[in-house]
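The lines below spell out each chain.
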Amino acid sequence: MAALGLAASGGNWFSALALGVTLLKCLLIPTYHSTDFEVHRNWLAITHSLPVSQWYYEETSEWTLDYPPFFAWFEYALSHVAKYFDQEMLNIHNLNYASSKTLLFQRFSVIFTDILFVYAVHECCKCIDGKKAGKELTEKPKFILSVLLLWNFGLLIVDHIHFQYNGFLMGLMLLSIARLFQKRHMEGALLFAVLLHFKHIYLYVAPAYGIYLLRSYCFTANKPEPAASSLFPTLPFQAGPLPCILGSKLLGFVQCSGQSAGCHRLLSVGKAGDASIFLILTTTGHYSLFPLLFTAPELPIKILLMLLFTIYSISSLKTLFRKEKPLFNWMETFYLLGLGPLEVFCEFVFPFTSWKLKYSFLPLLLTSAYCAVGITYAWFRLYVSVLTDPPVSKTKKQ
């Protein structure tokens, strides 16, 4: 905290947050990694060893290259750095190869490419109006949003423990949205098109992009542009955080479907209602990731990191909206508190019961079902907000 205070006095608090989370990512290097680690090692080998015409046909490993072309070229670029760490990782026939140098390279490649995510967060924070800014740094919307993005629990465990490259992909998404809000429509559209060529899961957002660009850029005819919130009408754009609920929707979508890739979410710091939806969706979505880390050494890590992130999220938003009604009603509070007993049963009680051998799937089933209820409820509230909230007609001038 002393370091944060020093950074704040010099106006470098954002850099301090980014550096702090980077150091945490480095501490997570020795932790468990999933089969996705081998997936990406194999893609390094494929793109480095074979001509382009064979990249999508190579089947030596079961983990064939199945991402769009830009991601394949991304792996190709990484492979030319990887060869200076351990040439053997680029051998297609070295299945499940995981030397210490390979581990270091792949872990650091994720950390390094997160630079784009950090930059995108910085750009998103520029869109925030300071109307709700408190006297203390920790009560300012920009600071809260930065913490909840940069220290995102979901990205930390999925990218830097489980192992994937979601950070820089979410960076492209956030940067694209920030450019739209800044009325740099061509840049925003280009960035989103690039994102689709990296990972196709973002295709489901394309209709919203198309409709927004038609309405606010193609058919304006010198008329005043509609607010950027016409793309995502639940966002409190008059307060600034353009991508806030969108990030929550992305995370909820991916986690609810049981996938671990491509998301990171944000927070609405403009309206208490959006903050409430965010907290329910992100807390439930984050807990739904717990089954990804099933090894004993990672148990205290995931519990501690989620507790810290969740406590900060709730406390900071309650402080920000302390003059408004409570963020949760009794039913929502009861549901979120229920995650605690569920975790105790799944991790500490069930393994010692006679059900473990015959019903080994039960913890995953209970977790999926319980989280599905919360995510569905959050989506329902989100759509009610879309249909009932008045449209925003004014945005902050850039």
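What you are looking at is a predicted structure, and each value in this text was computed from that prediction instead of being measured.

Caption draft 1: Representation of the overall build of the chain. On a plain count of helices and strands, the chain comes out with 18 helices and zero strands. Each of the 398 residues in the chain was classed as buried or not, and the buried ones make up 53%. In the chain, the share of contacts with a sequence separation of at least 24, taken over all contacts with a separation of at least 6, comes to 75%. Carbon and sulfur atoms provide 68% of the accessible area of the chain, an area that totals close to 18,600 Å².

Caption draft 2: View of unusual backbone geometry. At Asn96, a residue that is not glycine, the phi angle is positive and equals roughly 60°. Topologically, Asn96 is positioned in the loop between helix H4 (69-82) and helix H5 (100-113). Looking at Asn96, the relative accessible area reads 60%, which means it is exposed.

Caption draft 3: Spatial organisation of the nonpolar core. Ranked by internal contacts, the top residues of the largest apolar core, which has 61 residues, are Phe71, Phe117, Val121, Leu150, Tyr165 and Met173. Broken down by element, the residue count for this core peaks at 10 residues, all from helix H9 (residues 166-181). Sequence-distant contacts of Leu150, defined by excluding residues within four places in its chain, comprise Phe14, Leu17, Ala18, Val21, Phe117, Val118 and Val121. Within the second largest apolar cluster, 37 residues are counted, among which are Val158, Phe278, Leu279 and Leu289.

Caption draft 4: Up close: the side chain of Ser276. With respect to the helices, strands and loops of the structure, Ser276 is situated in helix H13 (residues 272-287). Within the local environment of Ser276, its side chain forms a polar contact with the side chain of Arg381, the two groups lying 2.8 Å apart. If we ignore the near neighbours within four places in the chain, the residues touching Ser276 are Leu327, Phe328, Glu332 and Arg381.

Caption draft 5: Region of interest: the pattern of salt bridges. Scanning the entire structure with this criterion turns up 10 salt bridges. Close ionic contact of Arg322 with Glu139 constitutes a salt bridge, the shortest N to O distance being 3.5 Å. On the criterion of sequence distance, the pair formed by Arg322 in the loop between helix H14 (299-320) and helix H15 (330-337) and Glu139 in the loop between helix H6 (115-125) and helix H7 (141-150) is long-range, its members being 183 residues apart. Arg322 gets classed as exposed once you look at its relative accessible area, which sits at 52%.

Caption draft 6: Quick look at the environment of Asp159. Along the chain, the position of Asp159 falls in helix H8 (residues 153-163). We classify Asp159 as buried; its relative accessible area is 2%. Through-space distance from the C-alpha of Asp159 to that of Ile111 is 8.8 Å; in sequence the pair is 48 residues apart. In this structure, Asp159 is in contact with Arg107, Val110, Asp114, Gln164, Tyr165, Asn166 and Gly167, ignoring residues within four places of it in sequence. A polar contact is formed between the side chain of Asp159 and the backbone nitrogen of Gly167, at a distance of 2.7 Å.

Caption draft 7: View of a nonpolar patch on the surface. A cluster of nonpolar side chains, contributed by Trp355, Tyr359, Phe361 and Leu365, occupies part of the molecular surface with about 420 Å² of accessible area. Among the structural elements, Tyr359 can be located in the loop between helix H17 (355-358) and helix H18 (362-388).

Caption draft 8: View of the packing of aromatic side chains. Following the criterion strictly, the structure yields 28 aromatic pairs and no others. With a centroid separation of 5.9 Å and 35° between ring planes, the pair formed by Trp55 and Tyr76 is classed as tilted. Taken together, the residues Trp55 in the loop between helix H3 (36-49) and H4 and Tyr76 in helix H4 connect sequence positions 21 residues apart. You can call Trp55 buried: its relative accessible area is 2%.

Rules behind the numbers
Residues numbered from 1 in each chain as written. Predicted model: local features only at pLDDT ≥ 70, side-chain atom pairs only at ≥ 80, totals over all residues. Heavy atoms only, no water. Helix = DSSP H or I, 4+ residues; strand = E, 2+ residues; numbered from the N terminus. Buried < 20%, exposed > 50% of the residue type's maximum accessible area, 1.4 Å probe, protein only. Contact = heavy atoms within 4.5 Å. Areas by Shrake-Rupley, 256 points an atom, 1.4 Å probe, with all protein chains shown as cover. Core = buried A, V, L, I, M, F, W, Y, C linked by side-chain atoms within 4.5 Å. Polar contact = N/O pair within 3.5 Å; in protein donor to acceptor, adjacent residues only side chain to side chain. Salt bridge = Lys/Arg side-chain N within 4 Å of Asp/Glu carboxyl O. Patch = residues over 30% accessible without salt bridge, like charges linked within 9 Å, V, L, I, M, F, W, Y side chains within 5 Å. Phe/Tyr/Trp six-rings, centres within 6.5 Å; stacked < 30°, edge-to-face > 60°.

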